[in-house]
There are 2 protein chains.
Amino acid sequence: MMETWRKKGGSAWERTKRAPGLACRKMWQVGKDDPRRAIHAVKVGLALTLVSMLYLLEPLFEGIGQNAIWAVMTVVVVLEFTAGATLCKGLNRGLGTIMAGSLAFLIEFVAEETGQVGRAIFIGCAVFVIGAAATYLRFLPYVKKNYDYGVVIFLLTFNLITVSSFRVSNVMKIAHERLITIAIGCGICLFMSLLVFPIWSGQDLHNSTVNKLQGLAKSIEEAVTEVREEESDEEDKSCDEDPIYKGYKAVLDSKSIDEALALYASWEPRHSRHCRYPWQQYVKVGAALRRFSYTVVALHGCLQTEIQTPKSCRALFKGPCIRLASEVSGVLMELATSIRNRRHCSPELLADHLHDALQDLNKAVRSQPRLFLGSNCSQASNMLAVAAAQARQEKEREEEEEERRRCCRAPRLTHRH
Amino acid sequence: MMETWRKKGGSAWERTKRAPGLACRKMWQVGKDDPRRAIHAVKVGLALTLVSMLYLLEPLFEGIGQNAIWAVMTVVVVLEFTAGATLCKGLNRGLGTIMAGSLAFLIEFVAEETGQVGRAIFIGCAVFVIGAAATYLRFLPYVKKNYDYGVVIFLLTFNLITVSSFRVSNVMKIAHERLITIAIGCGICLFMSLLVFPIWSGQDLHNSTVNKLQGLAKSIEEAVTEVREEESDEEDKSCDEDPIYKGYKAVLDSKSIDEALALYASWEPRHSRHCRYPWQQYVKVGAALRRFSYTVVALHGCLQTEIQTPKSCRALFKGPCIRLASEVSGVLMELATSIRNRRHCSPELLADHLHDALQDLNKAVRSQPRLFLGSNCSQASNMLAVAAAQARQEKEREEEEEERRRCCRAPRLTHRH
């Protein structure tokens with residue numbers, strides 16, 4: 001008992017000793033994984049310092065006064081990692097503030113007629129009704145997706161103005177000053193996110209689509225390698241190290257990230273020399289890739305089952321299976337390259353090879369009917385066929401997207417085949 | 001051209017005419033889907049009215065003054081749908097405010113020594129460094145997951161205090177008053193979310209797990225029904241109407257929702273007569289269910305492929321296939337019921353039946369080696385076998401969870417077999 005305690009204590013002490021080093025390494029890793037994070041941090045620091053000038057410099061302070069805290073608040077809350085997210089939040093904040101200000105002014109106008117007690121009751125009721133209605137509105141899927149933050153800001157500003165107007169006479173002046181300071185804050189945020197080392201959600205979405213295609217291609221390649229390796233030294237690889245799992249893992253859980261990026265990308269203006277990102281098409285491609293990856297998961301499951309195909313059977317179908325798989329992964333890689341470079345890829349070339357490989361496998365399967373008893377080969381081959389068919393659908397969808405992209409007629413989008 | 005325009009105009013006009021009715025129906029639907037949403041909206045309205053009293057009632061206003069806006073702000077931002085989310089945000093806000101206050105006080109203490117210009121430069125530098133460091137910290141996965149909101153509040157409060165302290169002498173008083181009003185706001189939020197019709201994330205997680213199990217069971221049942229129906233009237237069902245798709249759709253995309261619910265559930269105290277929700281186990285069960293659903297997707301793909309099994313072949317394996325599938329869906333349903341009622345289910349009974357059904361199918365497959373040429377049956381049967389094996393794993397995992405739950409020794413958690 002004492003021993004256990006000491007051991008535990010020891011390990012806890014050691015963990016505490018190692019903690020600062022570990023934290024430092026993690027911090028470094030975060031910056032190394034994506035150096036834009038460090039740039040964003042510096043941008044936020046700079047924006048905050050800029051907005052603090054409103055307070056620190058005498059002439060600026062005299063013009064704005066205590067309301068400058070609203071500009072500080074706006075910068076802290078609105079400045080996000082990507083330009084699209086900042087624009088989305090900034091616009092939401094602006095809209096929410098304006099609408100709340102108008103409504104608060106209306107209520108103030110109505111309440112003015114009644115006496116002090118009547119006014120307090122009227123304001124209390126208005127706060128309750130508007131609060132409940134706005135909160136309920138946030139549950140609507142459309143509002144939740146696009147204007148959730150705007151409704152929160154609306155509620156916040158409405159309450160602050162309505163309630164504080166009870167003891168202050170010049171509501172219009174409050175609303176006006178606050179709007180100006182929030183506009184200053186939003187202006188600084190937009191300047192920082194759109195003009196100083198901008199980070200675009202559309203670019204992130206583009207890169208993540210390319211990475212997902214590559215990951216799936218690698219998964220299939222690895223699966224083939226595993227089948228090819230005759231020595232079946234079944235070490236118990238943990239799931240995290242498994243290269244097949246690594247390839248499709250990111251694709252499976254990409255839904256929420258993709259949708260957020262697409263939402264932000266939809267707010268981004270056309271920038272740089274490329275056309276606007278066809279974000280809606282990226283979301284569709286993402287959904288198709290997720291569907292495709294379910295098949296890869298099932299294929300992976302075949303490799304991991306206890307009942308493995310006998311070597312004699314494996315040898316017979318190895319050739320066609322490997323050829324088909326490498327064709328599928330080749331198509332995926334080609335798609336990844338074409339998306340990365342924003343170029344069309346030749347449709348016939350890929351489709352023909354894929355079709356040939358599929359026919360080969362089919363022939364091989366048909367020539368050996370007796371072997372399928374109690375083996376897994378037919379499952380694997382069927383799955384590869386499904387995968388190939390899905391890859392073809394994928395490509396068609398991709399082409400649609402290319403078509404859309406061509407409409408933008410950016411200079412680099414030349415048809416190259 | 002004119003015609004098109006008129007048509008478009010007409011449809012736009014009609015859409016505008018129909019919009020209010022549509023919006024009303026959607027609003028009603030949102031409340032009907034989950035009446036707790038309406039309750040939450042009323043709760044928010046009530047909390048806002050309560051906190052407005054600080055302004056509206058003379059004696060309360062005299063004690064707190066203009067700082068009451070911080071209480072209003074806290075209520076708007078902290079009061080969330082579930083108790084766990086409110087607790088998480090409230091604690092984050094409290095912690096962030098306290099840390100920011102301490103740091104701001106320290107910086108004020110150091111800056112006091114220097115002159116007015118030196119002080120301005122020092123504060124500017126501090127704002128930049130702390131702003132950049134805090135923003136960078138938010139990229140650490142651990143911080144992002146648990147304390148993201150706390151860091152934002154820290155940054156906000158730190159900037160407000162530091163910057164406004166430049167023109168005000170009594171920093172301590174500001175910090176103190178703000179802390180009290182934030183505490184009042186948090187208090188109202190906690191009262192509303194924990195004591196007035198509380199909504200628990202743990203309960204949501206529990207229900208969603210039950211629903212996912214049932215959905216998967218229904219998917220498999222529907223797949224069997226489709227196989228059973230001899231008349232192959234292949235209407236092109238859209239994906240959304242397809243009952244098989246409906247069953248597993250929710251499971252596939254559950255990752256982010258599950259993890260958020262589990263995070264909030266981890267903040268919730270033990271409540272009602274049940275023990276604390278073993279939220280970590282629910283997340284594991286959710287991950288296993290997602291893996292299982294990938295197989296169901298693959299099975300669904302088999303039903304949708306162009307190359308369909310010939311009827312003669314189907315007839316031969318229909319019996320064992322249907323039996324195995326109904327066993328699998330039976331196990332899932334049993335698990336759903338046992339989780340819903342927080343009871344153990346008998347492990348042997350289910351496993352035996354499942355095993356028998358599996359053996360049956362195996363025997364049927366082995367007795368008809370010739371038939372497998374060019375058909376899909378073996379794939380379907382193999383997939384069902386994989387599904388059965390996964391269901392068994394599922395059950396084992398489930399048992400682990402039950403074991404954990406039993407440790408809590410809530411009165412209703414009796415072992416019933």
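Residues numbered from 1 in each chain as written. Chains lettered and ligands numbered in written order. Predicted model: local features only at pLDDT ≥ 70, side-chain atom pairs only at ≥ 80, totals over all residues. Heavy atoms only, no water.

The name that an unreviewed UniProt entry assigns to chain A is Aluminum-activated malate transporter 12, with the source organism given as Linum tenue.

Residues and elements named next belong to chain B. A cluster of nonpolar side chains, contributed by Leu 91, Leu 95, Met 99, Tyr 142 and Tyr 147, occupies part of the molecular surface with about 510 Å² of accessible area. Put simply, the parts of the chain that give the nonpolar patch at least two residues each are helix H5 (83-111) and helix H7 (141-165). The element that contributes the greatest number of residues to the nonpolar patch is H5, accounting for three residues. By the element assignment, Leu 91 lies in helix H5. A relative accessible area of 41% means that Leu 91 is categorised as partly exposed. (Patch = residues over 30% accessible without salt bridge, like charges linked within 9 Å, V, L, I, M, F, W, Y side chains within 5 Å. Areas by Shrake-Rupley, 256 points an atom, 1.4 Å probe, with all protein chains shown as cover. Salt bridge = Lys/Arg side-chain N within 4 Å of Asp/Glu carboxyl O. Helix = DSSP H or I, 4+ residues; strand = E, 2+ residues; numbered from the N terminus. Buried < 20%, exposed > 50% of the residue type's maximum accessible area, 1.4 Å probe, protein only.)

Attention shifts here to the relation of the copies chain B and chain A. Under the fitted operation, chain B is carried onto chain A by 0.0 Å of movement along the axis and a turn of 180°, and the coordinates agree to an RMSD of 0.1 Å. The relationship between the two copies is best expressed as a two-fold rotation axis. When the interface residues of chain B are mapped onto chain A, 100% of them again lie at the interface, so the same face is used by both copies. (Least-squares fit on C-alpha atoms with pLDDT ≥ 70 in both. Contact = heavy atoms within 4.5 Å.)

Here we come to unusual backbone geometry. A positive phi angle, near 40°, is found at Phe197(A), a position not held by glycine. One non-glycine residue with positive phi stands out, namely Arg342(B), at about 55°. For Arg342(B), the position within the fold is in the loop between helix H13 (311-340) and helix H14 (347-367). Owing to a relative accessible area of 9%, Arg342(B) belongs among the buried residues under this scheme.

Attention now goes to the interface of chain B and chain A. Facing the 74 residues of chain B at the interface are 74 residues of chain A. Of the roughly 6800 Å² buried at the junction of chain B and chain A (both faces included), carbon and sulfur atoms supply 73%. Taken together, chain B and chain A are joined by two salt bridges. The salt bridge partner of Asp253(B) is Lys255(A), with a shortest N-O separation of 3.9 Å. (Buried area = accessible area lost by both parts, 1.4 Å probe.)

Let us look at the packing of helix H2 (residues 36-56) of chain A against H7(B). Here H2(A) crosses H7(B) at 35°, and the two axes come no closer than 10 Å. Considering only the axes of H2(A) and H7(B), their crossing is right-handed. Of the residues in H7(B), those in contact with Leu48(A), Ser52(A) and Tyr55(A) of H2(A) are Leu155(B), Asn159(B), Val163(B) and Ser164(B). The residue inventory of the contact of H2(A) with H7(B), partitioned by class, reads four nonpolar, three polar and no charged. (Axes fitted to C-alpha atoms, helices over the stretch in contact; angles between N-to-C directions. Left-handed = near helix turned anticlockwise from the far one by under 90°. Nonpolar A, V, L, I, M, F, W, Y, C, P; charged D, E, K, R; others polar.)

Residue and element names in this part refer to chain A. Relative to the helices and strands, Trp 267 resides in the loop between helix H11 (255-265) and helix H12 (279-304). Residue class for Trp 267 comes out partly exposed when judged on its relative accessible area of 23%. Here the alpha-carbon distance between Trp 267 and Gly 286, two residues 19 residues apart in the chain, equals 19 Å.

Tallied over the full model, the rule gives 18 salt bridges over all chains. The closest approach of N and O atoms between Glu80(B) and Lys89(B), which form a salt bridge, is 3.2 Å. Given a relative accessible area of 21%, Lys89(B) falls into the partly exposed group. Here Lys255(B) and Glu259(B) are joined by a salt bridge, their closest N and O atoms 3.5 Å apart. Linking Lys255(B) with Glu259(B), this pair stays in helix H11 (residues 255-265), spanning four residues, or about one helical turn. The class for Lys255(B) is partly exposed, based on a relative accessible area of 26%. One connected set of salt bridges, linked through shared partners, spans Asp34(A), Arg36(A) and Asp204(A).

It is worth spelling out the packing of aromatic side chains at this point. For the structure shown, the criterion picks out nine aromatic pairs over all chains. Ring geometry for Phe81(A) versus Phe139(B): centroids 5.3 Å apart, planes at 70°, classification edge-to-face. Of this pair, Phe81(A) sits in the loop between helix H4 (68-78) and helix H5 (83-111) while Phe139(B) sits in the loop between helix H6 (116-137) and H7, on two different chains. Overall, Phe139(B) belongs to the buried group, its relative accessible area being 16%. A ring pair is formed by Phe154(A) and Phe158(A), whose centres lie 6.2 Å apart and whose planes are at 15°; its orientation type is stacked. Within this pair, Phe154(A) and its partner Phe158(A) are both found in helix H7 (residues 141-165), separated by four residues, close to a single helical turn. Each of the two residues, Phe154(A) as well as Phe158(A), counts as buried. Here Lys89(A) stacks its cationic end above the ring of Tyr149(A), 4.6 Å away from the centre of that ring. (Phe/Tyr/Trp six-rings, centres within 6.5 Å; stacked < 30°, edge-to-face > 60°. Lys NZ or Arg CZ within 6 Å of the ring centre and 35° of its normal.)

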